[in-house]
Amino acid sequence: MKPIATAASAASVLLLALTACSSPNGGQPAPASSNPPAASSNAAPDVPKVANPLDVAKYEQDPCSILTQAQATQAFNAVRNRKIAGNVAPVCTWNDSENSSLAIGLLPGQGGLATVYQNRSSSGYFEPAPSVDGYPAVFSNVLDNRSDGGCQVAVGVRADEAFTSSVILFKQSPSYGDPCSVALKAAGAALATIKAGA
């Protein structure tokens, strides 16, 4: 599989669970919706709160700056990255030498983790995740591909905003059997960058 196709697939899966958009065509991300989900005032009472909101505005349009090359290499053995269009905001995808992919993107104006919780009944999987450096997180996606090397974690950084860290690992990846550990590790590295740049 070509790196571009892998990256597009990861980014498409990445944003679908949070924005509840229709399936993308031909592996390309769907256009952004002009009607964002309802505000978090309709959130279920079990939605975890973000105790220390972060300013993430500078990463919304420049997601590739959310991981340094050293962080991307440590978290994922990344050898290259590229920014692609996402459903809501740009997404950065990193690929390793075997073309497994990691995608990270912020979701401004989409209701944060409250939207993930509201959409849980239409998710392929939905499970609370360990907090990432003190920030609430949940494993969720429209397709449950965890047994096939895929995993996505959404991390709340503000009451109204989250980011996702999503991986699609090929069988030759040493982490193929535990893709969620890679998604969490990359999310932790992204939070370290955000905190340092805040």
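Residues numbered from 1 in each chain as written. Predicted model: local features only at pLDDT ≥ 70, side-chain atom pairs only at ≥ 80, totals over all residues. Heavy atoms only, no water.

Taken as a whole and assessed by the stated rule, the structure comprises two disulfides. A disulfide bridge connects Cys-64 with Cys-92, and the sulfur atoms are separated by 2.1 Å. Between Cys-64 and Cys-92, the S-S dihedral sits near 100°, and the bridge is therefore right-handed. Here the residue Cys-64 occupies a position in the loop between helix 2 (57-60) and helix 3 (69-76), and Cys-92 occupies one in strand 2 (residues 91-96), the gap between them amounting to 28 residues. By relative accessible area, which is 18% here, Cys-64 ends up buried. On the accessibility criterion, Cys-92 (0% relative accessible area) is buried. Between the sulfur atoms of Cys-151 and its disulfide partner Cys-180 the distance amounts to 2.0 Å. Sign of the S-S torsion, about 95° for the bond between Cys-151 and Cys-180, identifies this disulfide as right-handed. Remark: Cys-180 occurs in helix 5 (residues 179-197) and Cys-151 occurs in strand 6 (residues 150-158); sequence separation between them is 29 residues. Considered together, Cys-151 and Cys-180 belong to a single accessibility category, that of buried residues. Taken N- to C-terminal, the disulfide-bonded cysteines of the protein chain are connected 1-2, 3-4. (Disulfide = S-S within 2.5 Å. Helix = DSSP H or I, 4+ residues; strand = E, 2+ residues; numbered from the N terminus. Buried < 20%, exposed > 50% of the residue type's maximum accessible area, 1.4 Å probe, protein only.)

To continue, consider the pattern of salt bridges. By the definition in use, this model includes five salt bridges. When the shortest N-O distance is used, the salt bridge between Arg-120 and Asp-46 registers 3.0 Å. Within this pair, whereas Arg-120 is found in the loop between helix 4 (112-118) and strand 4 (125-132), its partner Asp-46 is found in the loop between helix 1 (3-19) and helix 2, the two being separated by 74 residues in sequence. With a shortest N-O distance of 2.8 Å, Asp-133 and Lys-195 are connected by a salt bridge. Taken together, the positions of Asp-133 in the loop between strand 4 and strand 5 (135-141) and Lys-195 in helix 5 put the pair 62 residues apart, joining distant regions of the chain. Exposure remark for Lys-195: the relative accessible area of 32% places this residue in the partly exposed category. Put simply, Glu-127, Asp-144 and Arg-146 are held in one network by salt bridges that share partners. (Salt bridge = Lys/Arg side-chain N within 4 Å of Asp/Glu carboxyl O.)

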